[in-house]
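# Summary of structural features
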Amino acid sequence: MKQYSYYQSPIGRLLLVGEDGLLEELHFPNSAEHTVIEDSWNHSEEYFTDILQQLEEYFAGDRQSFKVKMNLKGTDFQRSVWQELQRVPYGKTASYREIAERINNPKACRAVGGANGKNPIPIIIPCHRIIGNDGSLTGFGGGIELKKELLRLENIILT
């Protein structure tokens with residue numbers, strides 16, 4: 001049975017969704033309000049206790065990486081991108097080109113951008129750390145201002 005809970009973060013109310021002991025989705029405030037919570041889903045903060053604690057620590061500046069069991073639903077290519085995103089350290093950025101090169105598909109910059117945009121578990125899978133090849137802040141599911149806020153939280157200097 002699907003479980004869900006909300007977390008009131010410094011960037012707004014996040015929605016978490018999971019099943020079978022695994023986190024499947026995290027929605028930003030601008031998308032959480034458009035996510036349909038099905039009648040069969042169970043609201044449970046207890047299900048997400050560990051994840052909520054880790055998010056609390058992250059937003060307090062006390063956590064730089066997450067230890068969360070996830071069920072990533074996507075294509076093999078998307079999952080390879082999401083796995084690589086998790087290797088971008090706290091306080092650092094990488095470009096779409098760098099991610100494409102790291103997954104041995106150097107011509108796939110646009111596809112990496114597409115996979116980045118479909119990341120089902122932002123923040124925990126840090127898609128906000130991915131920037132344009134020229135250092136610019138490009139599209140982000142939570143919006144550019146939210147991306148800037150997350151980067152500032154990690155003391156990433158914006159130019």
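Our structure's up above, just so we're on the same page.
Treat the numbers as computed from the prediction; the structure is a model and nothing was measured.

Next up on the list: the pairing of strand β1 (residues 3–9). Across the 7 residues that make up β1, a large majority, 5, are buried. Here β1 runs beside strand β2 (residues 12–19); their pairing, made up of 7 bridges, is antiparallel. Paired with Y7 across the strands is L14, a residue of β2. Sheet topology note: the β1/strand β4 (residues 42–43) ladder contains 2 bridges and is parallel.

All right, on to the environment of I157 then. Mapped onto the elements, I157 comes out in the segment after α6 (144–153). Once the C-alpha coordinates of I157 and K92 are considered, the two residues, 65 residues apart in sequence, prove to be 9.3 Å apart.

Attention now goes to the pattern of salt bridges. Here the structure, examined in full by the defined rule, presents 9 salt bridges. Its salt-bridge partner being E84, residue R102 comes within 3.8 Å of it at the nearest N-O pair. Here E84 lies in helix α3 (residues 76–85) and R102 lies in helix α4 (residues 96–102), a separation of 18 residues in the sequence. Each of K2, E19, E24 and K73 takes part in a single network of salt bridges with overlapping partners.

Structurally, E101 can be placed in helix α4. Here E101 falls in the partly exposed class, since its relative accessible area comes to 44%. As a C-alpha pair, E101 and H128 span 27 residues in sequence and 18 Å in three-dimensional space.

Parameters at a glance
Residues numbered from 1 in each chain as written. Predicted model: local features only at pLDDT ≥ 70, side-chain atom pairs only at ≥ 80, totals over all residues. Heavy atoms only, no water. Buried < 20%, exposed > 50% of the residue type's maximum accessible area, 1.4 Å probe, protein only. Helix = DSSP H or I, 4+ residues; strand = E, 2+ residues; numbered from the N terminus. Pairing = 2+ DSSP bridges. Salt bridge = Lys/Arg side-chain N within 4 Å of Asp/Glu carboxyl O.

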